[in-house]
Amino acid sequence: IRSVCFSPNDQYLAVGAEDKTIKLWDLQSRTIRHNLQGHELDIFSLDFAKDGKFIVSGACDKTVKVWDVETGKVSLIGWDGD
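Here the structure is a predicted model, which is why all the values come from computation and not from measurement. (Residues numbered from 1 in each chain as written. Predicted model: local features only at pLDDT ≥ 70, side-chain atom pairs only at ≥ 80, totals over all residues. Heavy atoms only, no water.)

Assigned secondary structure in the protein chain consists of zero helices and eight strands. The helix and strand sequence of the protein chain, counted from the amino end, reads β-β-β-β-β-β-β-β. Referenced to the eigenvectors of the C-alpha coordinate spread, the extents of the protein chain come out at roughly 40 × 25 × 15 Å. Considering the protein chain as a whole, with its 82 residues, one finds that 39% of them fall into the buried category. Roughly 5,200 Å² of accessible area belongs to the protein chain as shown, and the carbon and sulfur atoms make up 52% of that amount. (Helix = DSSP H or I, 4+ residues; strand = E, 2+ residues; numbered from the N terminus. Buried < 20%, exposed > 50% of the residue type's maximum accessible area, 1.4 Å probe, protein only. Areas by Shrake-Rupley, 256 points an atom, 1.4 Å probe, with all protein chains shown as cover.)

Dropping the structure here:
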């Protein structure tokens, strides 16, 4: 595990790891809501948007992804331009 963060309403815990995935845990049911996959290297940073609808992740693959919490899909991808 490299990064963790709680959603603003404390409903979810996002966990980023060396296995290139983000697990979105539903804290009330203690189950994984989504297993977000798409980074090519370790995930080092995570944060929820203020409204809790999106998670932003940054990884060693020099990309930033914005994930929709409801669907588990990537809604935006950015990179450092190299």
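Back to the text.
Ala14, Ile22, Leu24, Leu46, Phe48, Ile55 and Val69 are the most contacted members of the largest nonpolar core, which has 13 residues in total. The element best represented in this core is strand 5 (residues 43–48), accounting for three residues. (Core = buried A, V, L, I, M, F, W, Y, C linked by side-chain atoms within 4.5 Å.)

Time to look at the pairing of strand 5. The sheet contact formed by strand 5 and strand 6 (residues 54–59) spans five bridges and is antiparallel. When the sheet's bridge partners are listed, Ser45 is paired in strand 6 with Gly58. (Pairing = 2+ DSSP bridges.)

What follows deals with the pattern of salt bridges. The full count for this structure, using the stated rule, is four salt bridges. A salt bridge links Glu18 to Arg2; the nearest nitrogen and oxygen atoms lie 2.4 Å apart. Of the two residues, Glu18 sits in the loop between strand 2 (12–16) and strand 3 (21–26) while Arg2 sits in the segment before strand 1 (3–6), which places them 16 residues apart along the sequence. Here Asp42 ties to Arg2 by a salt bridge, and the two come within 3.8 Å at their closest N and O atoms. In this pair, Asp42 is assigned in the loop between strand 4 (31–37) and strand 5 and Arg2 in the segment before strand 1, connecting sequence segments 40 residues apart. (Salt bridge = Lys/Arg side-chain N within 4 Å of Asp/Glu carboxyl O.)

On their own, these measurements won't tell you what the molecule is for.
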